[in-house]
Amino acid sequence: MSRVLVGVKRVIDYAVKIRVKPDHSGVVTDGVKHSMNPFCEIAVEEAVKLKEKKFIKEVVAVSCGPTQVTETIRTALAMGCDRGIHVEVSGKDYEAMGPLQIAKIFAALAKKEEASLVILGKQAIDDDCNQTGQMTAALLDWPQGTFASEVTIDGEKVKVVREIDGGLETIKISMPAVLTADLRLNTPRYATLPNIMKAKKKKIANMKPADLGVDMVSRVEVLRVDEPPTRLAGVKVETVDDLVAKLKANGTI
Amino acid sequence: MVCLKGFWSFLPYSTVISLSYTTRLYSVCAMRDTILNSLLAAAHGLSDEQKEFQKMAFDFAAHEMSPHMAEWDEKEIFPVETMRKAAQLGFGGIYVQPEVGGSGLSRLDTSVIFEALSTGCVSTTAYISIHNMCNWMIDTFGNTEQREKFCPELCTMDKFASYCLTEPGSGSDAASLLTTAKLEGDHYILNGSKAFISGGGDTDVYIVMCRTGGKGPKGISCVVVEKDTPGLSFGKKEKKVGWNSQPTRAVILEDCHVPVTNRLGQEGQGFNIAMRGLNGDLPFVSMVCYLMAIYIFFSSRFYHLLVRKQFGEALSNNQFLQFKLAEMATKLVASRLLLREAAVALQESRSDAVSLCSMAKLFVTDECFNICNQALQMHGGYGYLKDYAVQQFVRDIRVHQILEGTNEVMRMIIARSLLSESG
């Protein structure tokens with residue numbers, strides 16, 4: 001068991017009030033605070049924990065995007081990852097980038113780095129796609145343990161407790177595998193001051209999607225972005241008959 | 001790191017008055033976002049590394065300190081466990097050398113960290129900065145044995161430190177202190193008392209400035225007194241207006257025997273050491289102030305001016321309040337710039353460092369107190385209630401104009417420096 005790839009995504013910080021661009025082509029990202037996707041933080045924490053328990057030797061943090069994503073990789077390094085890979089994607093390619101393109105990149109990297117595990121966050125808080133992990137596993141033809149709330153390595157297999165609508169499901173899958181982290185998997189650590197400083201010396205390799213033989217063409221086009229409709233005031237009624245009459249008039253029943 | 005409770009408990013802006021834990025946490029996070037993003041962005045001009053430190057400190061403050069700030073103040077709790085958690089992240093000896101357990105960062109790095117930490121709790125951050133100052137004094141002026149004996153445990157906060165200079169009879173006129181230290185064989189016998197000692201009675205290591213020689217600053221030496229040394233006792237815990245998360249007591253020395261090996265530096269060097277420690281801490285004292293002001297500023301902006309309506313309009317449409325806000329913002333940016341300049345001057349050991357630090361302390365503490373006070377005013381009656389954090393900040397910040405050199409003493413220092421240059 002040697003290497004784990006962890007995907008980290010740079011997203012708008014969860015506490016920021018999102019504003020839609022005036023031309024409705026997307027949301028305002030310039031000058032807005034960004035940070036690591038919370039589920040990616042949980043993924044990094046899990047990988048670092050596995051390394052501390054000596055199940056794996058090396059954790060590699062990977063992010064795709066323009067130069068700014070190196071900040072996010074550095075945060076991952078400060079949390080305990082050993083090295084980073086920055087896959088450069090910018091401009092129109094970056095705007096059109098979606099789970100399928102990322103999945104292709106990760107699949108290629110997982111093969112290149114001979115990873116035993118790929119750990120991702122279950123979804124990103126900007127697009128809420130919840131697809132990248134699943135697509136990566138499909139492209140690699142690897143088993144997947146998604147929505148993981150508990151991960152245990154057992155020899156060449158991984159026991160994953162998954163959070164599903166009906167409750168908790170426990171599965172055992174062989175490695176190599178793809179895992180996606182859910183909320184309760186762990187509590188991410190704070191980076192310590194010494195680790196932040198050590199992170200400066202850790203290497204971040206640069207590459208382009210073309211180097212991995214990945215074509216970034218997207219088959220999805222964003223037509224328009226709008227704010228959710230403002231909540232309208234409700235109407236109070238006195239009796240049940242009034243309620244039924246109003247619902248009928250509204251066409252609801 | 002990520003505040004998961006806050007993440008899932010998203011509350012709409014309109015729930016201003018409710019002050020549950022989650023609202024507070026969300027509000028701190030929203031504040032943090034604006035602080036980091038806006039015109040007043042605290043992250044401008046920082047290196048990538050410094051941004052990481054700042055982010056980490058903000059997160060720690062938001063999750064580990066801010067939720068408890070009001071309780072610590074009300075119940076006068078000295079938050080030992082939380083501070084030890086901070087120490088695990090390296091906050092026990094931020095600018096202390098790594099070989100004795102410190103983090104080895106610069107003054108500017110440290111000021112950035114304290115800036116962020118104080119959004120969680122002013123009083124606790126102020127104590128952490130005092131602890132760091134004492135740790136640094138031992139690290140810088142102590143010999144190898146002293147550094148190895150004291151610093152590692154101070155860095156992990158297994159032990160806490162206090163700085164003892166002020167006496168009942170000597171505050172601003174610190175060099176006139178009366179606590180004596182008579183040499184007898186291989187021990188000093190200390191007699192005297194110190195007043196207003198932060199942490200006094202609950203800390204383990206006391207850095208005591210005492211008189212080994214004649215009158216004036218040159219007769220003062222600096223000695224480390226450990227808790228439980230016979231002859232070391234404490235006065236009652238003072239009841240203060242603010243800074244309630246740190247106990248303040250008088251430190252009483254009655255025939256207290258301290259080994260000569262506990263003296264830092266040479267005899268007669270004590271005053272110099274004491275002042276170097278304080279000068280180093282000036283940016284931090286002011287920093288704490290500054291950040292509180294910023295916090296309050298945004299609290300007023302978001303949670304009050306934009307939401308509260310009177311005479312049919314939001315308060316933020318009132319031109320007087322708009323102008324007041326503009327003035328507050330301007331003073332805040334000026335404060336931050338002056339503080340950072342002072343921190344850099346200190347780091348580079350520039351000749352104007354002392355003067356700059358004094359100017360920074362004077363300006364920042366005065367202005368930031370005014371800002372917090374104005375913010376309280378803007379909150380109207382609510383500002384006066386203990387349910388709202390504004391009043392705690394006003395109370396906690398008020399003392400910054402007094403301690404570590406009153407603002408009057410700051411003026412003395414600056415004037416002296418100006419007049420000697422022109423002479």
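All figures in this text were calculated on a predicted structure; none of them were measured in a lab.

Engineer: Pulling in residues and values, what's your account of the confidence of the model for chain B?
Structural biologist: All names here are of chain B. Mean pLDDT for chain B: 83, with 83% of residues reaching 70 or above. Across residues 1–33, confidence stays below pLDDT 50; counting only partners more than four residues off in sequence or on other chains, it has 71 contacts. Counted against residues more than four places away or in other chains, residues 35–40, with its pLDDT under 50, gives 25 contacts. Predicted complex, confidence summary: ipTM 0.73, pTM 0.80.

Engineer: Talk me through the environment of Leu278 of chain B; I want residue IDs and the actual numbers.
Structural biologist: Residues and elements named next belong to chain B. Looking at the secondary structure, you find Leu278 in helix 9 (residues 270–305). Residues Leu278 and Ile130 lie 148 residues apart in sequence; the distance between their C-alpha atoms is 8.9 Å. If sequence neighbours within four positions are ignored, Leu278 has contacts with Met133, Tyr163, Leu165 and Glu404.

Engineer: If you had to explain the layout of surface pockets to someone new, which residues and values would you point to?
Structural biologist: The gaps of empty space that remain are located by a probe, the size of a water molecule, rolled over the atoms. Residues and elements named next belong to chain B. Here the second largest pocket defines a volume of roughly 1300 Å³. In terms of lining residues, the second largest pocket is bounded by 46 residues, among which Thr166, Ile402, Leu403, Glu404 and Gly405 are the most central. Those elements that place two or more of their residues in the lining of the second largest pocket are strand 3 (187–198), helix 9, helix 11 (353–378), helix 12 (390–398) and helix 13 (407–422). If one sorts the elements of the lining of the second largest pocket by residue count, helix 13 sits on top with eight residues. Taken together, the residues of the lining of the second largest pocket sort by class into 22 nonpolar, 14 polar and ten charged.

Engineer: Any details on the packing of aromatic side chains? Residues and values, ideally.
Structural biologist: Each aromatic ring pair is specified by the distance between its two centres and by the angle formed by the two planes. Overall, the coordinates contain nine aromatic pairs over all chains when judged by the stated rule. Here the aromatic rings of Phe78 of chain B and Tyr127 of chain B are separated by 5.2 Å at their centres, their planes lie at 75°, and the arrangement is edge-to-face. On the criterion of sequence distance, the pair formed by Phe78 of chain B in the loop between helix 4 (69–75) and helix 5 (80–88) and Tyr127 of chain B in helix 7 (residues 122–141) is long-range, its members being 49 residues apart. For Phe78 of chain B, a relative accessible area of 13% translates into the label buried. Judged by centre distance (5.8 Å) and plane angle (50°), the ring pair of Tyr382 of chain B and Tyr388 of chain B falls under tilted. Among the aromatic residues, those joined into a cluster by ring pairs are Tyr190 of chain A together with Phe60 and Phe91 of chain B.

Engineer: Please set out the pairing of strand 6 (residues 117–121) of chain A residue by residue, giving values where relevant.
Structural biologist: Residue and element names in this part refer to chain A. In terms of residue burial, strand 6 counts as a mostly covered element, since five of its five residues are buried. Side chains Leu117, Ile119 and Gly121 project from strand 6 onto one buried face, and the interleaved Val118 and Leu120 project onto a second face that is buried too. Judged from the three bridges that link them, strand 1 (residues 3–7) and strand 6 form a sheet pairing that is parallel. Pairing of Val4 across the sheet is with Leu117, part of strand 6.

Engineer: Which residues make up helix 11 of chain B, and what values go with them?
Structural biologist: Residue and element names in this part refer to chain B. Between its first and last C-alpha atoms helix 11 spans 36 Å; for 26 residues at 1.5 Å apiece the expected length is 38 Å, and the two agree. Within helix 11, 19 of the 26 residues are buried, which leaves the element mostly enclosed by the surrounding structure. With its phi angle positive at about 60°, Gly380 sits one or two positions after the end of helix 11.

Engineer: Lay out the UniProt feature "domain: Electron transfer flavoprotein alpha/beta-subunit N-terminal" (unreviewed entry) in chain A in plain terms, naming residues and giving numbers.
Structural biologist: The sites that UniProt annotates as "domain: Electron transfer flavoprotein alpha/beta-subunit N-terminal" (unreviewed entry) are residues 24–216 of chain A. Structurally, residues 24–216 of chain A comprises 33% helix and 30% strand, and the distance from its first C-alpha atom to its last is 24 Å.

Scoring rules and cut-offs
- Residues numbered from 1 in each chain as written.
- Chains lettered and ligands numbered in written order.
- Predicted model: local features only at pLDDT ≥ 70, side-chain atom pairs only at ≥ 80, totals over all residues.
- Heavy atoms only, no water.
- pLDDT = per-residue confidence, 0-100.
- Contact = heavy atoms within 4.5 Å.
- Helix = DSSP H or I, 4+ residues; strand = E, 2+ residues; numbered from the N terminus.
- 1 Å grid on protein atoms, 1.4 Å probe; cavity = no way out; pocket = protein on both sides within 12 Å on 5 of 7 lines; lining within 4 Å.
- Points joined across faces, edges and corners; volume = space filled by probe spheres on them.
- Nonpolar A, V, L, I, M, F, W, Y, C, P; charged D, E, K, R; others polar.
- Phe/Tyr/Trp six-rings, centres within 6.5 Å; stacked < 30°, edge-to-face > 60°.
- Buried < 20%, exposed > 50% of the residue type's maximum accessible area, 1.4 Å probe, protein only.
- Pairing = 2+ DSSP bridges.
- Expected span 1.5 Å × (residues − 1).
- UniProt positions renumbered as here; feature names shortened; annotations may be inferred.

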